Amino acid sequence: MTAPPDDCLARNEWICGAYVRTRREVLLDAVLQHLQLTVVSVLLALVVAVPLAVLARRWGWAAGPVLALTTILYTIPSLAMFSLLLPLYGLSAGLVVAGLVLYSLTLLVRNLLAGLRAVPEETRQAARGLGFGPVRLLLTVELPLALPAAMAGLRIATVSAVSLVTVGAIVGFGGLGNLIYSGMNTYFKAQVLTASVLCVVIAVAADLLLLGVQWLITPWARAARG
């Protein structure tokens, strides 16, 4: 009867420090790809969501179609979404980014629109009375007052994107999802657990970072709570 190997990798344990030490570069590359896909996707979604929410606020009739369209996009399963986008982007990182942008729109547009609608009408009237034009009113009054709701949507969209990036492993661009997928295929316990924990860490860190940003850029909200 042979003694069990001393190496936790050889024993295929879930928690294995040797895996982290020997795969540091692989883990770092996966984390960087995961962060890049998440940040690019959320930023692009924000660029699209802001004008959509503003137009829906300006033209009340557009709110229903905009919300309906973004909600329908969110209900499409991720594998089906990637399949629909495949003819346009091929097996590339752009495929994953495009899918994540479409998924993020629902959360961002809905919260941005809610924040803009919550701006008191008397505040708008007062700003117009001071000579504020539509653009200045939007940039200096409406958007700042909508920030708490907008940041809430941004936080949810970012955490959701961190999770959905892993699905990109089916096309080879899934960040840590690549390690989870390959680890599950080979039943490599340490790889699956380590990559999964890193995904959770990224999601929590991103949420806390955005919460801190919200705290810094909305001093009036802190004063109101105080």
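Because the structure is a prediction, the values reported are computed rather than measured. Per-chain numbering applies: the sequence of each chain, read as written, is numbered from 1 onward. Restriction of local features to residues with pLDDT of at least 70 applies here, the model being predicted, together with a cutoff of 80 or more for giving and counting side-chain atom pairs; totals for whole chains, interfaces and linings are based on all residues. To get the side-chain values, all heavy atoms of the structure are used, and hydrogens and water are removed first.

Chemist: Quick question: what am I supposed to make of the overall build of the chain here?
Modeler: Numbering of helices and strands runs from the N terminus; a helix is a DSSP stretch of H or I covering at least four residues, while a strand is a stretch of E covering at least two. The number of helices and strands found in the chain is 10 helices and zero strands. By the burial criterion, 40% of the 226 residues in the chain qualify as buried. Within the chain, contacts between residues separated by at least 24 positions form 72% of all contacts whose residues are at least 6 apart in sequence. To be clear on the numbers: accessible area is Shrake-Rupley with a 1.4 Å probe, and residue cover counts the displayed protein chains and nothing else. Accessible surface computed for the chain: about 12,300 Å², of which carbon and sulfur atoms make up 71%. Each residue's exposure class comes from its accessible area (1.4 Å probe, protein chains only) as a fraction of the maximum for that residue type: buried when under 20%, exposed when over 50%, partly exposed otherwise. Pairs of residues are marked as contacts when any of their non-hydrogen atoms sit within 4.5 Å.

Chemist: Please clarify how a nonpolar patch on the surface should be interpreted in this entry.
Modeler: On the surface, Leu209, Val213, Trp215, Leu216 and Ile217 cluster together into a nonpolar patch covering about 490 Å² of accessible area. Checked against the element boundaries, Leu216 lands in helix H9 (residues 189-217). A relative accessible area of 59% means that Leu216 is categorised as exposed. Within this analysis, patches are made of residues with over 30% relative accessible area and no salt bridge. Like charges are joined at 9 Å or less; nonpolar side chains (Val, Leu, Ile, Met, Phe, Trp, Tyr) at 5 Å or less. Put simply, a salt bridge is a Lys or Arg side-chain nitrogen that is within 4 Å of an Asp or Glu carboxyl oxygen.

Chemist: Help me understand the UniProt feature "transmembrane region" (unreviewed entry) in the chain in this model?
Modeler: UniProt positions are given in the numbering used here, feature names are shortened, and annotations may be inferred rather than shown by experiment. Under the UniProt annotation, the feature "transmembrane region" (unreviewed entry) is placed at residues 35-55, 62-82, 88-109, 156-180 and 192-217. Taken end to end, residues 156-180 is 60% helix and 0% strand, and its two terminal C-alpha atoms sit 23 Å from one another. In this annotation, residues 192-217 is assigned 100% helix and 0% strand; the end-to-end C-alpha distance for the span is 38 Å.

Chemist: Would you explain the packing of helix H2 (residues 24-58) against helix H5 (residues 93-117) in this entry?
Modeler: In a pair of packed helices, the angle between the axes and the distance between the axes together describe the arrangement. Orientation is described by lines fitted to C-alpha atoms, with helices fitted over the stretch in contact, and by angles between N-to-C directions that extend from 0 to 180 degrees. The geometry of H2 relative to H5 is characterised by a closest axis approach of 6 Å and an angle of 40° between their N-to-C directions. Accordingly, the angle class assigned to the pair H2 and H5 is oblique. As for the relative orientation of H2 and H5, their crossing is right-handed in sense. Gly counts as polar in this scheme, as do all residues outside two lists: the nonpolar Ala, Val, Leu, Ile, Met, Phe, Trp, Tyr, Cys and Pro, and the charged Asp, Glu, Lys and Arg. Taken together, the residues of the contact of H2 with H5 sort by class into 24 nonpolar, two polar and two charged. Any angle that is under 35 degrees is reported as roughly parallel, and any over 145 degrees as roughly antiparallel; angles of 65 to 115 degrees are reported as roughly perpendicular and all others as oblique. Two helices cross in a left-handed way if the nearer one is turned anticlockwise from the farther one by less than a right angle. They cross in a right-handed way if the turn is clockwise.

Chemist: Just checking my understanding: could you explain unusual backbone geometry for this structure?
Modeler: Note: most peptide bonds trans; most residues except glycine with negative phi. The phi dihedral of Asn12 is positive, around 55°, even though this residue is not glycine. With respect to the helices and strands, Asn12 occurs in the segment before helix H1 (17-22). In this structure, Tyr187 takes a positive phi of about 55° despite not being glycine. Mapped onto the fold, Tyr187 is located in the loop between helix H8 (176-186) and H9.

Chemist: Is there a simple way to explain H9 in this structure?
Modeler: Structural remark: α-helix, 3.6 residues per turn; residues separated by three or four positions point the same way. Across its 29 residues, H9 extends 42 Å between first and last C-alpha, which sits within 8% of the 42 Å expected from 1.5 Å per residue. Three or more residues of H9 are buried, namely Lys189, Ala190, Gln191, Val192, Thr194, Ala195, Cys199, Ile202, Ala203, Ala206, Leu210 and Gln214. Summarising the contacts, the buried residues of H9 are in contact with H1, H2, helix H7 (134-165) and H8. Here a helix's expected span is defined as the number of its residues, less one, multiplied by 1.5 Å.

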